[in-house]
Amino acid sequence: MSLPLVLLWLSLETLGAPTDSAPVAGLTIPLVRRNPTTLDVEALGQQAKAQRDYVNNKYFGGQSTQKRSSGYNLIVDQGYDSGYYGSLAIGTPPTSFEVLLDTGSSDLWVAGTSCGQACDGIPMFNPSSSSTFKNQSTPFFIQYGQGEAAGYVATDTVQMAGFSVSNQGFAVVDTVSQGLLSAPVSGLLGLAWGSIASSQQTPLWQTLASSGAWDTAEFAVQLTRYTNDTNAQELEPGGVLTMGYTNSSLYTGQIEYIDIPGEPSYWYLPLDTVTVQGASIPLTSSSIAAIDTGTTNIAGPVDAVQAIYAQIPGSQPATGSWTGYYQFPCSTQVSVSFSFGGTTWSMSPADFAYAPLSSSQCIGAFFETSSGTGNSATPSWIIGDAFLKNVYSVFRYSPPAVGFAALSETAIAENGVNAPVPTPTIGSVSAAVTNVGAALPRRELSSILAGIALTASITLML
Ligand SMILES: *[C@@H]1O[C@H](CO)[C@@H](O)[C@H](O)[C@H]1NC(C)=O
Ligand SMILES: *[C@@H]1O[C@H](CO)[C@@H](O)[C@H](O)[C@H]1NC(C)=O
Ligand SMILES: *[C@@H]1O[C@H](CO)[C@@H](O)[C@H](O)[C@H]1NC(C)=O
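Residues numbered from 1 in each chain as written. Chains lettered and ligands numbered in written order. Predicted model: local features only at pLDDT ≥ 70, side-chain atom pairs only at ≥ 80, totals over all residues. Heavy atoms only, no water.

1. Some details on the UniProt feature "active site" (unreviewed entry) in the protein chain
UniProt feature "active site" (unreviewed entry): in the numbering of this structure it lies at Asp 102 and Asp 292. Taken along the chain, the residues just named run across 191 residues; in space they keep tight, none of their C-alpha pairs more than 6.5 Å apart. Within the secondary structure layout, Asp 102 lies in strand E4 (residues 95-102). Of the polar contacts made by the side chain of Asp 102, one reaches the backbone nitrogen of Gly 104; its length is 2.8 Å. Position of Asp 292 among the secondary structure elements: in the loop between strand E16 (288-291) and strand E17 (298-300). A residue is classified by how much of its surface remains accessible, and Asp 292, at 1% relative accessible area, is buried. A distance of 2.8 Å separates the side chain of Asp 292 from the backbone nitrogen of Gly 294, its partner in a polar contact. (UniProt positions renumbered as here; feature names shortened; annotations may be inferred. Helix = DSSP H or I, 4+ residues; strand = E, 2+ residues; numbered from the N terminus. Polar contact = N/O pair within 3.5 Å; in protein donor to acceptor, adjacent residues only side chain to side chain. Buried < 20%, exposed > 50% of the residue type's maximum accessible area, 1.4 Å probe, protein only.)

Shown next as C-alpha coordinates:
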(Lines give C-alpha, C1' and ligand atoms only; values in the text may rest on other atoms or scores of the structure.)
(Ligands and ions follow the chains in the order given, each with its own letter.)
Protein backbone atom coordinates (compact mmCIF):
# COMPACT_ATOMS: atom_id res chain seq x y z
CA MET A 1 0.00 0.00 0.00
CA SER A 2 1.32 3.36 -0.88
CA LEU A 3 1.12 6.14 1.64
CA PRO A 4 1.25 9.88 1.30
CA LEU A 5 4.60 11.20 0.30
CA VAL A 6 5.68 14.08 2.38
CA LEU A 7 8.07 16.55 0.93
CA LEU A 8 11.38 16.77 2.57
CA TRP A 9 13.40 19.84 1.91
CA LEU A 10 16.84 20.71 3.04
CA SER A 11 17.03 23.48 5.52
CA LEU A 12 19.48 26.32 5.43
CA GLU A 13 21.89 24.07 7.22
CA THR A 14 22.92 22.73 3.85
CA LEU A 15 24.24 26.20 3.22
CA GLY A 16 26.31 26.25 6.34
CA ALA A 17 23.92 27.81 8.81
CA PRO A 18 24.15 26.67 12.44
CA THR A 19 22.99 23.17 13.32
CA ASP A 20 20.69 21.77 15.97
CA SER A 21 20.20 23.39 19.27
CA ALA A 22 20.36 21.32 22.42
CA PRO A 23 17.16 19.71 23.68
CA VAL A 24 15.22 21.83 26.11
CA ALA A 25 15.04 20.38 29.59
CA GLY A 26 11.98 20.41 31.81
CA LEU A 27 9.44 21.26 29.18
CA THR A 28 6.14 22.67 30.24
CA ILE A 29 3.24 24.15 28.33
CA PRO A 30 1.96 27.73 28.31
CA LEU A 31 -1.71 27.87 28.99
CA VAL A 32 -4.18 30.64 29.06
CA ARG A 33 -7.63 30.43 30.42
CA ARG A 34 -10.56 32.68 29.84
CA ASN A 35 -12.97 31.61 32.51
CA PRO A 36 -16.31 33.25 33.21
CA THR A 37 -15.92 35.38 36.32
CA THR A 38 -19.57 35.84 37.16
CA LEU A 39 -22.34 33.35 37.04
CA ASP A 40 -24.77 34.59 34.44
CA VAL A 41 -27.42 33.19 32.16
CA GLU A 42 -24.79 32.28 29.59
CA ALA A 43 -22.79 30.37 32.17
CA LEU A 44 -25.90 28.58 33.38
CA GLY A 45 -26.67 27.65 29.80
CA GLN A 46 -23.19 26.27 29.42
CA GLN A 47 -23.58 24.26 32.59
CA ALA A 48 -26.83 22.84 31.28
CA LYS A 49 -25.10 21.95 28.03
CA ALA A 50 -22.22 20.35 29.90
CA GLN A 51 -24.64 18.19 31.87
CA ARG A 52 -26.46 17.23 28.72
CA ASP A 53 -23.20 16.34 27.03
CA TYR A 54 -22.12 14.38 30.07
CA VAL A 55 -25.31 12.33 30.03
CA ASN A 56 -25.11 11.84 26.30
CA ASN A 57 -21.56 10.68 26.61
CA LYS A 58 -22.19 8.36 29.51
CA TYR A 59 -25.27 6.69 28.13
CA PHE A 60 -25.11 7.17 24.41
CA GLY A 61 -21.41 7.28 23.69
CA GLY A 62 -21.35 10.87 22.50
CA GLN A 63 -18.65 13.40 23.15
CA SER A 64 -18.71 15.56 26.22
CA THR A 65 -17.34 18.90 27.12
CA GLN A 66 -17.46 20.59 30.47
CA LYS A 67 -17.55 24.12 29.10
CA ARG A 68 -16.56 26.16 26.15
CA SER A 69 -13.22 27.82 26.32
CA SER A 70 -10.26 29.05 24.36
CA GLY A 71 -6.53 29.02 24.72
CA TYR A 72 -3.30 29.64 22.97
CA ASN A 73 0.07 28.06 22.41
CA LEU A 74 3.17 30.12 21.75
CA ILE A 75 5.00 28.92 18.65
CA VAL A 76 8.74 28.58 18.11
CA ASP A 77 10.34 29.43 14.75
CA GLN A 78 13.00 26.79 14.03
CA GLY A 79 15.79 27.18 11.48
CA TYR A 80 15.13 30.72 10.22
CA ASP A 81 11.46 30.15 9.31
CA SER A 82 12.05 26.58 8.11
CA GLY A 83 9.59 25.10 10.57
CA TYR A 84 7.23 26.20 13.32
CA TYR A 85 6.56 24.11 16.38
CA GLY A 86 4.36 24.26 19.44
CA SER A 87 3.99 22.17 22.54
CA LEU A 88 1.50 19.69 23.87
CA ALA A 89 1.53 17.17 26.68
CA ILE A 90 0.79 13.45 26.54
CA GLY A 91 -0.08 11.02 29.28
CA THR A 92 -0.82 10.86 32.98
CA PRO A 93 1.09 12.52 34.52
CA PRO A 94 1.51 14.81 31.48
CA THR A 95 4.88 15.03 29.76
CA SER A 96 5.32 17.81 27.26
CA PHE A 97 6.68 17.52 23.74
CA GLU A 98 7.51 19.92 20.99
CA VAL A 99 5.69 19.12 17.74
CA LEU A 100 5.78 20.70 14.31
CA LEU A 101 2.46 22.43 13.62
CA ASP A 102 1.27 21.11 10.28
CA THR A 103 -2.01 22.16 8.69
CA GLY A 104 -0.97 19.98 5.71
CA SER A 105 -1.45 16.61 7.40
CA SER A 106 -3.72 15.01 9.98
CA ASP A 107 -1.76 12.70 12.23
CA LEU A 108 -0.25 13.40 15.63
CA TRP A 109 2.90 11.41 16.21
CA VAL A 110 5.81 11.53 18.61
CA ALA A 111 9.01 9.55 18.89
CA GLY A 112 8.71 6.78 21.46
CA THR A 113 11.42 5.46 23.77
CA SER A 114 11.56 2.42 21.50
CA CYS A 115 12.99 4.67 18.79
CA GLY A 116 16.58 3.88 17.95
CA GLN A 117 19.63 6.04 17.40
CA ALA A 118 17.76 8.22 14.94
CA CYS A 119 16.04 9.78 17.95
CA ASP A 120 19.25 10.52 19.85
CA GLY A 121 18.96 13.84 21.62
CA ILE A 122 15.23 14.04 21.00
CA PRO A 123 12.82 13.90 23.97
CA MET A 124 10.90 10.63 23.62
CA PHE A 125 7.52 9.49 24.89
CA ASN A 126 7.62 6.60 27.33
CA PRO A 127 4.32 4.67 27.21
CA SER A 128 5.05 2.83 30.43
CA SER A 129 5.21 6.07 32.39
CA SER A 130 1.60 6.98 31.55
CA SER A 131 -1.27 5.38 33.45
CA THR A 132 -3.78 6.39 30.76
CA PHE A 133 -1.81 4.99 27.80
CA LYS A 134 -3.69 2.43 25.70
CA ASN A 135 -2.03 0.59 22.88
CA GLN A 136 -4.26 0.21 19.84
CA SER A 137 -1.59 -2.09 18.41
CA THR A 138 -2.31 -1.08 14.82
CA PRO A 139 0.65 -0.18 12.64
CA PHE A 140 1.40 3.41 11.65
CA PHE A 141 3.58 4.26 8.69
CA ILE A 142 4.33 7.40 6.72
CA GLN A 143 6.62 7.56 3.73
CA TYR A 144 8.41 10.84 3.22
CA GLY A 145 10.33 12.12 0.26
CA GLN A 146 13.63 11.27 1.91
CA GLY A 147 12.71 9.00 4.75
CA GLU A 148 9.94 7.47 6.73
CA ALA A 149 8.45 7.18 10.16
CA ALA A 150 6.79 4.07 11.48
CA GLY A 151 5.35 2.84 14.73
CA TYR A 152 1.99 2.00 16.15
CA VAL A 153 -1.27 3.74 17.00
CA ALA A 154 -2.21 4.37 20.62
CA THR A 155 -4.51 6.56 22.66
CA ASP A 156 -3.79 8.68 25.69
CA THR A 157 -4.74 11.98 27.26
CA VAL A 158 -3.36 14.89 25.26
CA GLN A 159 -3.29 18.46 26.54
CA MET A 160 -2.74 21.57 24.49
CA ALA A 161 -3.45 25.26 25.01
CA GLY A 162 -5.53 24.58 28.10
CA PHE A 163 -7.59 21.78 26.58
CA SER A 164 -7.44 18.17 27.57
CA VAL A 165 -8.64 15.35 25.36
CA SER A 166 -8.77 11.91 26.86
CA ASN A 167 -8.55 8.89 24.60
CA GLN A 168 -6.90 10.94 21.84
CA GLY A 169 -5.45 8.81 19.06
CA PHE A 170 -1.85 9.37 18.02
CA ALA A 171 1.11 7.37 16.83
CA VAL A 172 4.16 6.36 18.79
CA VAL A 173 7.00 6.29 16.29
CA ASP A 174 9.80 3.82 16.84
CA THR A 175 11.44 3.83 13.43
CA VAL A 176 12.40 7.14 11.99
CA SER A 177 14.87 7.91 9.24
CA GLN A 178 18.05 9.60 10.34
CA GLY A 179 17.62 13.35 10.31
CA LEU A 180 13.84 13.30 10.19
CA LEU A 181 13.50 15.02 13.55
CA SER A 182 15.60 17.87 14.81
CA ALA A 183 15.85 18.51 18.55
CA PRO A 184 13.99 19.74 20.50
CA VAL A 185 11.14 18.61 18.24
CA SER A 186 9.80 15.14 19.03
CA GLY A 187 7.08 14.79 16.44
CA LEU A 188 4.35 16.43 14.49
CA LEU A 189 0.81 17.66 15.10
CA GLY A 190 -1.38 17.31 12.04
CA LEU A 191 -3.96 20.10 11.93
CA ALA A 192 -5.84 19.10 8.77
CA TRP A 193 -8.96 16.94 8.61
CA GLY A 194 -9.34 13.37 9.82
CA SER A 195 -10.30 12.02 6.41
CA ILE A 196 -6.61 12.03 5.43
CA ALA A 197 -5.20 10.73 8.71
CA SER A 198 -2.92 7.75 8.09
CA SER A 199 -3.61 6.63 11.65
CA GLN A 200 -7.37 6.92 11.03
CA GLN A 201 -7.62 8.82 14.29
CA THR A 202 -9.66 12.00 14.68
CA PRO A 203 -7.17 14.89 14.86
CA LEU A 204 -6.90 16.69 18.20
CA TRP A 205 -8.21 19.99 16.83
CA GLN A 206 -11.17 18.26 15.19
CA THR A 207 -12.13 16.49 18.42
CA LEU A 208 -12.12 19.85 20.18
CA ALA A 209 -13.96 21.76 17.46
CA SER A 210 -16.61 19.11 16.90
CA SER A 211 -17.30 18.60 20.60
CA GLY A 212 -18.14 22.24 21.20
CA ALA A 213 -15.16 22.76 23.49
CA TRP A 214 -14.19 25.97 21.74
CA ASP A 215 -15.85 29.37 22.14
CA THR A 216 -15.69 29.61 18.37
CA ALA A 217 -15.06 26.49 16.29
CA GLU A 218 -11.85 27.70 14.67
CA PHE A 219 -8.13 27.97 15.27
CA ALA A 220 -5.82 30.67 14.00
CA VAL A 221 -2.13 31.05 13.30
CA GLN A 222 0.25 34.00 13.23
CA LEU A 223 3.80 33.18 12.12
CA THR A 224 6.85 35.39 12.54
CA ARG A 225 9.59 36.18 10.02
CA TYR A 226 13.30 35.91 10.84
CA THR A 227 14.59 34.87 7.42
CA ASN A 228 15.98 38.32 6.63
CA ASP A 229 17.29 39.03 10.13
CA THR A 230 21.06 38.56 10.08
CA ASN A 231 21.11 38.25 13.88
CA ALA A 232 18.50 35.49 13.98
CA GLN A 233 19.17 32.38 16.04
CA GLU A 234 18.23 28.78 15.22
CA LEU A 235 15.22 29.13 17.56
CA GLU A 236 13.19 32.33 17.74
CA PRO A 237 9.68 33.32 18.88
CA GLY A 238 7.40 31.97 16.16
CA GLY A 239 4.03 33.60 16.74
CA VAL A 240 0.93 32.05 18.22
CA LEU A 241 -1.64 29.34 17.63
CA THR A 242 -5.01 30.24 19.13
CA MET A 243 -7.68 27.63 19.70
CA GLY A 244 -11.34 28.62 19.91
CA TYR A 245 -10.87 32.29 19.03
CA THR A 246 -9.05 34.79 16.90
CA ASN A 247 -7.02 37.56 18.49
CA SER A 248 -8.10 40.89 17.05
CA SER A 249 -4.86 42.48 18.28
CA LEU A 250 -3.02 40.49 15.64
CA TYR A 251 -4.99 41.50 12.54
CA THR A 252 -6.74 44.50 11.05
CA GLY A 253 -9.92 44.71 9.00
CA GLN A 254 -12.13 41.74 8.30
CA ILE A 255 -11.18 38.10 8.20
CA GLU A 256 -12.01 37.03 4.64
CA TYR A 257 -13.29 33.46 4.83
CA ILE A 258 -13.20 31.23 1.77
CA ASP A 259 -15.20 28.01 2.03
CA ILE A 260 -13.45 24.75 1.26
CA PRO A 261 -15.07 23.72 -2.05
CA GLY A 262 -15.93 20.12 -1.22
CA GLU A 263 -15.25 17.49 1.41
CA PRO A 264 -12.57 18.82 3.72
CA SER A 265 -9.33 16.83 3.72
CA TYR A 266 -6.52 19.33 3.42
CA TRP A 267 -7.33 22.97 4.05
CA TYR A 268 -7.66 23.57 0.31
CA LEU A 269 -8.96 26.55 -1.61
CA PRO A 270 -9.37 27.56 -5.23
CA LEU A 271 -6.44 29.76 -6.18
CA ASP A 272 -7.83 32.52 -8.40
CA THR A 273 -4.73 34.40 -9.51
CA VAL A 274 -1.00 34.65 -8.92
CA THR A 275 0.88 37.79 -9.92
CA VAL A 276 4.62 38.35 -10.04
CA GLN A 277 6.05 41.86 -10.32
CA GLY A 278 2.49 42.90 -11.23
CA ALA A 279 2.13 40.39 -14.08
CA SER A 280 -0.54 37.72 -13.92
CA ILE A 281 0.58 34.09 -14.28
CA PRO A 282 -1.64 31.81 -16.38
CA LEU A 283 -3.28 29.22 -14.16
CA THR A 284 -5.01 26.02 -15.17
CA SER A 285 -8.74 25.96 -14.56
CA SER A 286 -8.47 23.71 -11.53
CA SER A 287 -5.90 25.43 -9.36
CA ILE A 288 -6.43 24.02 -5.92
CA ALA A 289 -4.09 25.19 -3.18
CA ALA A 290 -3.45 23.52 0.16
CA ILE A 291 -2.78 25.97 3.00
CA ASP A 292 0.07 24.32 4.81
CA THR A 293 1.96 25.64 7.84
CA GLY A 294 4.11 22.50 7.72
CA THR A 295 5.77 23.40 4.41
CA THR A 296 8.44 26.09 4.41
CA ASN A 297 8.03 27.21 0.84
CA ILE A 298 5.52 27.19 -2.01
CA ALA A 299 5.05 24.40 -4.52
CA GLY A 300 3.26 24.93 -7.81
CA PRO A 301 2.76 23.22 -11.16
CA VAL A 302 5.84 23.21 -13.40
CA ASP A 303 4.29 25.57 -16.00
CA ALA A 304 3.23 28.11 -13.42
CA VAL A 305 6.55 28.10 -11.58
CA GLN A 306 8.38 28.54 -14.91
CA ALA A 307 6.07 31.46 -15.70
CA ILE A 308 6.82 33.04 -12.33
CA TYR A 309 10.59 32.96 -12.87
CA ALA A 310 10.14 34.13 -16.47
CA GLN A 311 9.15 37.45 -14.92
CA ILE A 312 12.48 37.67 -13.08
CA PRO A 313 15.40 38.59 -15.35
CA GLY A 314 18.51 36.50 -14.71
CA SER A 315 16.67 33.62 -13.05
CA GLN A 316 17.38 29.99 -14.00
CA PRO A 317 16.63 26.49 -12.75
CA ALA A 318 18.86 25.49 -9.85
CA THR A 319 20.77 22.22 -9.84
CA GLY A 320 21.98 19.50 -7.50
CA SER A 321 20.06 19.30 -4.25
CA TRP A 322 18.12 22.39 -5.37
CA THR A 323 16.63 20.71 -8.45
CA GLY A 324 13.04 21.90 -8.80
CA TYR A 325 13.94 25.27 -7.34
CA TYR A 326 15.22 28.31 -9.24
CA GLN A 327 17.97 30.77 -8.56
CA PHE A 328 17.63 34.48 -9.22
CA PRO A 329 19.70 37.63 -8.58
CA CYS A 330 19.41 38.49 -4.87
CA SER A 331 19.39 42.16 -5.83
CA THR A 332 15.91 41.73 -7.37
CA GLN A 333 13.06 42.38 -4.95
CA VAL A 334 10.39 39.94 -6.07
CA SER A 335 6.78 40.74 -5.20
CA VAL A 336 4.24 37.95 -5.51
CA SER A 337 0.55 38.09 -4.69
CA PHE A 338 -2.17 35.48 -4.43
CA SER A 339 -5.92 35.91 -4.81
CA PHE A 340 -8.29 33.70 -2.90
CA GLY A 341 -12.02 34.32 -2.86
CA GLY A 342 -11.72 37.72 -4.49
CA THR A 343 -9.14 39.22 -2.14
CA THR A 344 -5.49 39.66 -3.07
CA TRP A 345 -2.73 39.04 -0.53
CA SER A 346 0.85 39.97 -1.15
CA MET A 347 3.99 38.24 -0.04
CA SER A 348 7.11 40.08 1.10
CA PRO A 349 10.18 39.96 -1.17
CA ALA A 350 12.01 38.86 1.99
CA ASP A 351 10.02 35.62 1.91
CA PHE A 352 10.58 35.13 -1.82
CA ALA A 353 14.36 35.13 -1.27
CA TYR A 354 14.46 31.79 0.49
CA ALA A 355 18.19 31.18 0.75
CA PRO A 356 21.46 32.67 -0.51
CA LEU A 357 23.27 30.38 -2.95
CA SER A 358 26.21 32.74 -3.40
CA SER A 359 26.88 36.39 -2.73
CA SER A 360 24.73 37.37 -5.71
CA GLN A 361 22.40 34.42 -6.36
CA CYS A 362 19.43 33.48 -4.21
CA ILE A 363 17.12 30.47 -4.21
CA GLY A 364 13.49 31.48 -4.69
CA ALA A 365 10.70 30.21 -2.49
CA PHE A 366 8.69 28.70 -5.35
CA PHE A 367 9.50 25.19 -6.50
CA GLU A 368 8.05 22.86 -9.06
CA THR A 369 5.85 19.90 -8.40
CA SER A 370 4.33 17.77 -11.11
CA SER A 371 2.47 15.63 -8.64
CA GLY A 372 -0.65 17.58 -7.93
CA THR A 373 -3.58 16.92 -10.24
CA GLY A 374 -5.44 19.96 -9.03
CA ASN A 375 -8.25 18.17 -7.26
CA SER A 376 -8.76 18.15 -3.53
CA ALA A 377 -6.88 14.86 -3.07
CA THR A 378 -3.74 16.19 -4.68
CA PRO A 379 -3.68 19.98 -4.64
CA SER A 380 -1.64 21.50 -7.43
CA TRP A 381 -0.32 24.25 -5.17
CA ILE A 382 1.08 23.95 -1.67
CA ILE A 383 1.05 27.33 0.01
CA GLY A 384 3.51 27.19 2.89
CA ASP A 385 5.06 29.52 5.43
CA ALA A 386 6.71 31.80 2.85
CA PHE A 387 3.20 33.11 2.23
CA LEU A 388 1.58 32.45 5.60
CA LYS A 389 4.03 34.76 7.41
CA ASN A 390 2.33 37.60 5.54
CA VAL A 391 -1.23 37.07 6.77
CA TYR A 392 -3.27 36.10 9.81
CA SER A 393 -4.71 32.66 8.98
CA VAL A 394 -7.89 31.20 10.41
CA PHE A 395 -9.00 27.57 10.04
CA ARG A 396 -12.75 27.24 10.57
CA TYR A 397 -14.51 24.00 11.41
CA SER A 398 -18.05 24.77 10.28
CA PRO A 399 -18.69 25.57 7.58
CA PRO A 400 -15.17 24.45 6.68
CA ALA A 401 -13.22 27.48 5.54
CA VAL A 402 -9.87 29.19 5.61
CA GLY A 403 -9.85 32.87 6.50
CA PHE A 404 -7.15 35.43 5.88
CA ALA A 405 -6.75 38.87 7.38
CA ALA A 406 -4.08 41.55 7.19
CA LEU A 407 -1.55 41.44 10.02
CA SER A 408 -1.79 44.25 12.55
CA GLU A 409 1.12 46.55 13.37
CA THR A 410 1.39 44.60 16.64
CA ALA A 411 1.85 41.32 14.78
CA ILE A 412 4.28 42.80 12.25
CA ALA A 413 6.32 44.30 15.09
CA GLU A 414 6.98 40.77 16.37
CA ASN A 415 9.01 39.91 13.26
CA GLY A 416 12.75 39.76 13.81
CA VAL A 417 12.61 40.91 17.40
CA ASN A 418 15.38 39.91 19.74
CA ALA A 419 13.24 38.12 22.32
CA PRO A 420 13.46 34.91 24.32
CA VAL A 421 12.06 31.72 22.82
CA PRO A 422 8.78 30.83 24.54
CA THR A 423 9.15 28.33 27.34
CA PRO A 424 6.43 25.71 27.43
CA THR A 425 4.63 25.42 30.77
CA ILE A 426 2.05 22.81 31.73
CA GLY A 427 -0.82 24.68 33.32
CA SER A 428 -4.31 23.81 34.40
CA VAL A 429 -6.93 22.56 32.02
CA SER A 430 -9.87 24.82 31.26
CA ALA A 431 -11.90 22.36 29.23
CA ALA A 432 -11.82 18.59 28.95
CA VAL A 433 -13.21 16.43 26.19
CA THR A 434 -13.48 12.70 25.73
CA ASN A 435 -12.72 11.48 22.26
CA VAL A 436 -15.08 8.62 21.56
CA GLY A 437 -12.37 7.17 19.36
CA ALA A 438 -14.66 6.28 16.47
CA ALA A 439 -12.68 5.08 13.51
CA LEU A 440 -12.76 7.52 10.65
CA PRO A 441 -14.48 6.54 7.43
CA ARG A 442 -12.06 4.68 5.23
CA ARG A 443 -13.68 5.90 2.02
CA GLU A 444 -11.84 9.13 1.50
CA LEU A 445 -8.56 7.93 2.84
CA SER A 446 -8.37 5.07 0.38
CA SER A 447 -9.28 7.25 -2.57
CA ILE A 448 -6.54 9.62 -1.59
CA LEU A 449 -4.03 6.84 -1.10
CA ALA A 450 -4.87 5.46 -4.52
CA GLY A 451 -4.37 8.71 -6.33
CA ILE A 452 -1.74 10.45 -4.36
CA ALA A 453 1.63 11.42 -5.56
CA LEU A 454 2.23 14.42 -3.40
CA THR A 455 1.14 15.28 0.07
CA ALA A 456 2.58 18.45 1.22
CA SER A 457 3.77 18.66 4.59
CA ILE A 458 6.69 19.12 6.78
CA THR A 459 10.03 20.71 6.44
CA LEU A 460 12.62 18.82 8.32
CA MET A 461 16.01 19.84 9.44
CA LEU A 462 18.81 17.56 8.32
C1 LIG B 1 2.05 -1.57 21.13
O2 LIG B 1 1.69 -2.51 20.15
C3 LIG B 1 2.65 -2.66 19.12
C4 LIG B 1 2.06 -3.59 18.07
O5 LIG B 1 1.60 -4.78 18.66
C6 LIG B 1 3.94 -3.18 19.71
O7 LIG B 1 4.92 -3.34 18.71
C8 LIG B 1 4.43 -2.20 20.77
O9 LIG B 1 5.59 -2.69 21.39
C10 LIG B 1 3.36 -1.97 21.81
N11 LIG B 1 3.81 -0.92 22.70
C12 LIG B 1 3.73 -1.01 24.02
C13 LIG B 1 4.26 0.12 24.79
O14 LIG B 1 3.25 -1.98 24.57
C1 LIG C 1 12.58 41.92 6.52
O2 LIG C 1 11.49 41.96 5.62
C3 LIG C 1 10.38 42.73 6.06
C4 LIG C 1 9.25 42.55 5.05
O5 LIG C 1 9.63 42.89 3.76
C6 LIG C 1 10.79 44.19 6.22
O7 LIG C 1 9.70 44.95 6.67
C8 LIG C 1 11.92 44.23 7.24
O9 LIG C 1 12.39 45.55 7.37
C10 LIG C 1 13.07 43.32 6.82
N11 LIG C 1 14.03 43.25 7.91
C12 LIG C 1 15.35 43.42 7.70
C13 LIG C 1 16.20 43.27 8.92
O14 LIG C 1 15.81 43.67 6.61
C1 LIG D 1 -3.60 38.96 21.67
O2 LIG D 1 -2.36 39.34 21.12
C3 LIG D 1 -1.66 40.33 21.86
C4 LIG D 1 -0.43 40.69 21.06
O5 LIG D 1 0.43 39.58 20.89
C6 LIG D 1 -1.33 39.79 23.25
O7 LIG D 1 -0.68 40.77 24.01
C8 LIG D 1 -2.63 39.37 23.93
O9 LIG D 1 -2.32 38.76 25.18
C10 LIG D 1 -3.39 38.40 23.07
N11 LIG D 1 -4.67 38.10 23.69
C12 LIG D 1 -5.18 36.89 23.73
C13 LIG D 1 -6.49 36.75 24.42
O14 LIG D 1 -4.65 35.93 23.20
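That shown, we press on.
2. Examining empty space enclosed by the protein
Gaps left between atoms show up when a probe the size of a water molecule is rolled over them. In total, this model carries eight cavities of 30 Å³ or more according to the counting rule given. In this model, the second largest cavity occupies a volume close to 50 Å³. Lining the second largest cavity are Tyr 80, Asp 81, Thr 227, Thr 296, Asn 297, Ala 350, Asp 351, Ala 353, Tyr 354, Ala 386 and Lys 389. Those elements that provide at least two residues to the lining of the second largest cavity are helix H4 (349-352) and strand E22 (353-356). Grouping the amino acids of the lining of the second largest cavity by side-chain chemistry returns five nonpolar, three polar and three charged. (1 Å grid on protein atoms, 1.4 Å probe; cavity = no way out; pocket = protein on both sides within 12 Å on 5 of 7 lines; lining within 4 Å. Points joined across faces, edges and corners; volume = space filled by probe spheres on them. Nonpolar A, V, L, I, M, F, W, Y, C, P; charged D, E, K, R; others polar.)

3. Topic: the site of ligand 2
Close to ligand 2 lie Arg 225, Asn 228, Ser 348 and Ala 350, which account for all nearby residues. Interatomic distance of 2.3 Å between a side-chain N/O atom of Asn 228 and an oxygen atom of ligand 2. Within the complex, the protein chains bury 38% of what would otherwise be the 360 Å² of accessible surface of ligand 2. Taken together, the residues that form the shell around ligand 2 break down as one nonpolar, two polar and one charged. (Near = heavy atom within 4 Å. Areas by Shrake-Rupley, 256 points an atom, 1.4 Å probe, with all protein chains shown as cover.)

4. Side note on the sheet that holds strand E23 (residues 361-364)
Pairing is antiparallel across the open sheet formed by four strands, whose spatial order is E18-E19-E23-E22. Each edge of the open sheet carries a strand with a single partner, namely strand E18 (316-317) and E22. As paired strands, E22 and E23 are joined by three bridges and run antiparallel to one another. In the strand pairing of E23, Pro 356 is matched with Cys 362. (Pairing = 2+ DSSP bridges.)

5. Observations concerning the site of ligand 1
Near ligand 1 you find Pro 127, Asn 135, Ser 137 and Tyr 152, and these make up its full shell. Between ligand 1 and the protein, one listed contact pairs an oxygen atom with a side-chain N or O atom of Asn 135 at 2.4 Å. Classifying every residue of the shell around ligand 1 gives two nonpolar, two polar and no charged.

6. Brief notes about the nonpolar core
Among the nonpolar cores identified, the biggest contains 89 residues, and Phe 338, Phe 340, Phe 366, Phe 387 and Phe 404 are the most heavily contacted of them. For this core, the leading source of residues is helix H3 (residues 302-310), giving five residues. Counting residues in each nonpolar core, the second largest holds 22 residues, with Val 76, Trp 109, Ala 118 and Cys 119 among its members. (Core = buried A, V, L, I, M, F, W, Y, C linked by side-chain atoms within 4.5 Å.)

7. Considering the sheet that holds strand E15 (residues 279-280)
Judged by pairing direction, the sheet is antiparallel, and its four strands sit side by side in the order E15-E14-E20-E21 without closing on themselves. Bordering the open sheet on either side are E15 and strand E21 (343-347), each of which pairs with just one other strand. As judged from the two bridges shared by strand E14 (residues 273-276) and E15, these two strands associate in the antiparallel manner. Looking across to E15, one finds that Val 276 is bridged to Ala 279.

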